[in-house]
Amino acid sequence: KQWYQRRVAITAGNRQVIKSEWGCIRIPELDFEIPPESQRGSSNTVEGFLLRTKEGLQSQQKDRREQHPQLAEQLDSFIGKLEDLIGFTQPFTFILDDPSGNSFVENPRAPKEDPQLKVERYVRSKEDMDLLGISSIREALDNEVTDNQNVLPEENEDAGEETSVRYNENTEIMTFEALCNACGRDAVCNMKQVDIPFFKKILLMANVCDHCGYKDSEVKSAGGISEHGQRITLTMTDAGMDLVRDILKSETAKIHIPELDLTMTSGCLGGRFTTVEGMLENVRDQLSSINPFSFGDSAPTDGTETAEDEGKDGMKNVISQLEAVIRGERLVKIVLDDPAGNSFIQNLYAPDSDPNLLMEEYVRTDEENDELGIKFMKTENYEDS
């Protein structure tokens, strides 16, 4: 599936914002929109985008008052409302909608969760794909496939061994054709079902594109959503043993490390099957990339520090402490919280209980069921609905 990101920031004037050429900014309270073609490819603050809009509206007001006085009066009223937002006399919602997923709104509390910042991911619509020019590529590929099928229709039906899905009995890997998420051309997807002892079966999927070199991997549960959510807490007591434990983080799970006041939400990292050490390295790399304003030229260089600069230093401090955990110099608790119940941390004492591993089941909230898409799902007597 193809995804885009919609980022929402509330009452945050000094946040850094990157708006790509496909990004659209909306403020519902004013019924106001900055389209993709305006201020395209810009890096500014929330306040900066509003100021540029205000300056653009004011630049022609003198001529408008002479030629279109009624329109000028309406714009004066709107500019006044815009000034109230710039002065933050009232809360408002700042929405940055980007079908390419290449825009960014800073989280000044990173690596902590920001209650004022919400990120939503949706499947692109046909209009979005047309805007990005993806539809034309896929239509050309579909036409090419259709033409090939029309050339040898009988041979395709009879030659069962030449199917696009291939299975290797020795490696138990299924290989089939897919489309590259980066360039949209033909790619290869390798899939293998793995049975994790004392847990359940999962699907390991790896995509490789020979055209552009793009590679990615993903882990999916081979079963359904569990009846209850599950929270797994690993208390590290021996770095040598705990760092090499296998860990499966589903795409619906979040990671929390209380000692570092660090939380990675379910949208981060995706599905992973690795070791505890490998997962911590992924978290470290993710923290280094999700908030680029904490590093490089955007990081504070002088002796004075604002509250924003302290937040950047906090990010560096968390990454430093995380590296100490990876090196085995510090022991922490790792909490893996999965509303779908499809995550796992290896029990080194199996089939006996692990004294350092606490597993708790809980009833999901309505919001969690809604996020999993099962809130209004009917699984019994659905024929009668």
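Whatever comes next refers back to the structure up there.
Just so it is clear, the model here is predicted, and its values are computed rather than measured.

Caption draft 1: Geometry of the sheet that holds strand S19 (residues 333-338). Read across the open sheet, the 5 strands follow the order S17-S16-S19-S14-S21; overall the sheet is antiparallel. Strand pairing shows two members of the sheet lacking a second neighbour, strand S17 (262-264) and strand S21 (357-362), which therefore form its edges. Neighbour-to-neighbour, the strand axes of the sheet open up by a mean angle of 15°, direction not taken into account. Direction of pairing for strand S16 (residues 254-257) relative to S19: antiparallel, over a ladder of 3 bridges. Following the sheet pairing, isoleucine 255 is matched in S19 by leucine 336.

Caption draft 2: Main features of the sheet that holds strand S18 (residues 272-275). What the 3 strands build is an open sheet, ordered S18-S15-S20; its pairing is antiparallel. Two strands lie at the open edges of the sheet, namely S18 and strand S20 (344-345), each paired on one side alone. For strand S15 (residues 246-249) and S18, the ladder comprises 4 bridges, and the chain directions are antiparallel. Bridge assignment links lysine 249 to a residue of S18, and that residue is arginine 272.

Caption draft 3: Spotlight on the packing of aromatic side chains. Scanning the model with the defined rule gives 2 aromatic pairs in all. Ring plane angle 50° and centroid distance 5.4 Å describe the contact between phenylalanine 32 and phenylalanine 78, whose orientation is recorded as tilted. Pair noted here: phenylalanine 32 is in strand S4 (residues 32-34) and phenylalanine 78 is in helix H3 (residues 69-86), with a separation of 46 residues, a long-range link. Accessibility assignment for this pair places phenylalanine 32 and phenylalanine 78 in one class, buried.

Caption draft 4: Molecular detail of the packing of helix H1 (residues 46-58) against H3. For the pair H1 and H3, interaxial distance at closest approach is 10 Å and the crossing angle is 160°. Accordingly, the angle class assigned to the pair H1 and H3 is roughly antiparallel. Note on packing geometry: the crossing formed by H1 with H3 is left-handed. Contacts between H1 and H3 involve Glu47, Leu50, Leu51, Thr53, Lys54, Leu57 and Gln58 from the former and Leu75, Phe78, Ile79, Leu82, Glu83, Leu85 and Ile86 from the latter.

Caption draft 5: The arrangement of H3 in detail. The terminal C-alpha atoms of H3, which comprises 18 residues, lie 25 Å apart, in line with the 26 Å expected from a rise of 1.5 Å per residue. Burial in H3 covers these residues: Ala72, Leu75, Phe78, Ile79, Leu82, Leu85 and Ile86. For H3, the angular spread of the buried residues around the axis is 125°, confining them to a single face. Away from its buried face, by an angle of more than 90 degrees, H3 presents the exposed residues Gln70 and Glu73. Looking at the buried side of H3, the elements it contacts are strand S3 (24-27), S4, H1 and helix H2 (61-67). A positive backbone phi angle near 55° is found at phenylalanine 88, which sits one or two residues after H3.

Caption draft 6: Examining the pattern of salt bridges more closely. This structure, assessed with the given rule, holds 11 salt bridges. The salt bridge involving aspartate 97 is made with arginine 26; its shortest N-O contact spans 3.5 Å. With a gap of 71 residues between them, aspartate 97 in strand S6 (residues 93-98) and arginine 26 in strand S3 connect regions that are remote in the sequence. Classification of aspartate 97 as buried rests on a relative accessible area of 10%. Here arginine 245 ties to aspartate 354 by a salt bridge, and the two come within 2.7 Å at their closest N and O atoms. Taken together, the residues span a long stretch of sequence, with arginine 245 in the loop between helix H7 (239-242) and S15 and aspartate 354 in the loop between S20 and S21 at a distance of 109 residues. Neither arginine 245 nor aspartate 354 differs from the other in exposure class; each is buried. A network of salt bridges, in which partner residues are shared, links Asp242, Arg245 and Asp354.

Caption draft 7: Region of the structure containing H1. Taking 1.5 Å of rise per residue, 13 residues should cover 18 Å, and H1 covers 19 Å from first to last C-alpha, within 8% of that figure. All of the buried residues in H1 are Val46, Gly48, Phe49, Leu50, Thr53, Lys54 and Leu57.

Caption draft 8: Representation of a nonpolar patch on the surface within the structure. A cluster of nonpolar side chains, namely Met241, Leu348 and Tyr349, defines an oily patch on the protein surface of about 260 Å² accessible area. The topology assignment puts tyrosine 349 in the loop between S20 and S21. Classification of tyrosine 349 as partly exposed rests on a relative accessible area of 40%.

Criteria and cut-off values
Residue numbers here run from 1 along each chain, matching the order of that chain's written sequence. Totals for whole chains, interfaces and linings use all residues, but because this is a predicted model, local features are given only for residues with pLDDT of at least 70 and pairs of side-chain atoms are given and counted only at 80 or more. Only hydrogens and water are set aside when side-chain values are computed; all heavy atoms of the structure are taken into account. A pair of strands is treated as paired once DSSP finds two or more bridges between them. Helical segments are the DSSP runs of H or I of at least four residues, strand segments are the runs of E of at least two, and each set is numbered from the N terminus. Only the stretch in contact is used when a helix axis is fitted, and all axes are lines through C-alpha atoms; the angle between N-to-C directions ranges over 0 to 180 degrees. Aromatic contacts are taken between Phe, Tyr and Trp rings whose centres are within 6.5 Å, Trp giving its six-membered ring; a plane angle under 30 degrees counts as stacked, one over 60 as edge-to-face, and the others as tilted. Think of it in three bands: residues with accessible area under 20% of the maximum for their type are buried, residues over 50% are exposed, and the middle band is partly exposed, with areas taken using a 1.4 Å probe on protein chains only. Orientation is classified from the angle alone, with under 35 degrees giving roughly parallel, over 145 giving roughly antiparallel, 65 to 115 giving roughly perpendicular, and any other angle giving oblique. What makes a crossing left-handed is the near helix being turned counterclockwise from the far one by less than a right angle; a clockwise turn instead makes it right-handed. Any two residues having at least one pair of non-hydrogen atoms within 4.5 Å are treated as being in contact. Take the number of residues in a helix, subtract one, and multiply by 1.5 Å to get its expected span. Directions from the helix axis toward the C-beta atoms define the arc. The rule for a salt bridge is simple: a side-chain nitrogen of Lys or Arg has to be within 4 Å of a carboxyl oxygen of Asp or Glu. Patch rule: a residue counts if its relative accessible area is over 30% and it has no salt bridge; like charges are joined within 9 Å, and nonpolar side chains (Val, Leu, Ile, Met, Phe, Trp, Tyr) within 5 Å. A 1.4 Å probe and the Shrake-Rupley method give the accessible areas. Residues count as covered only by the protein chains that appear here.

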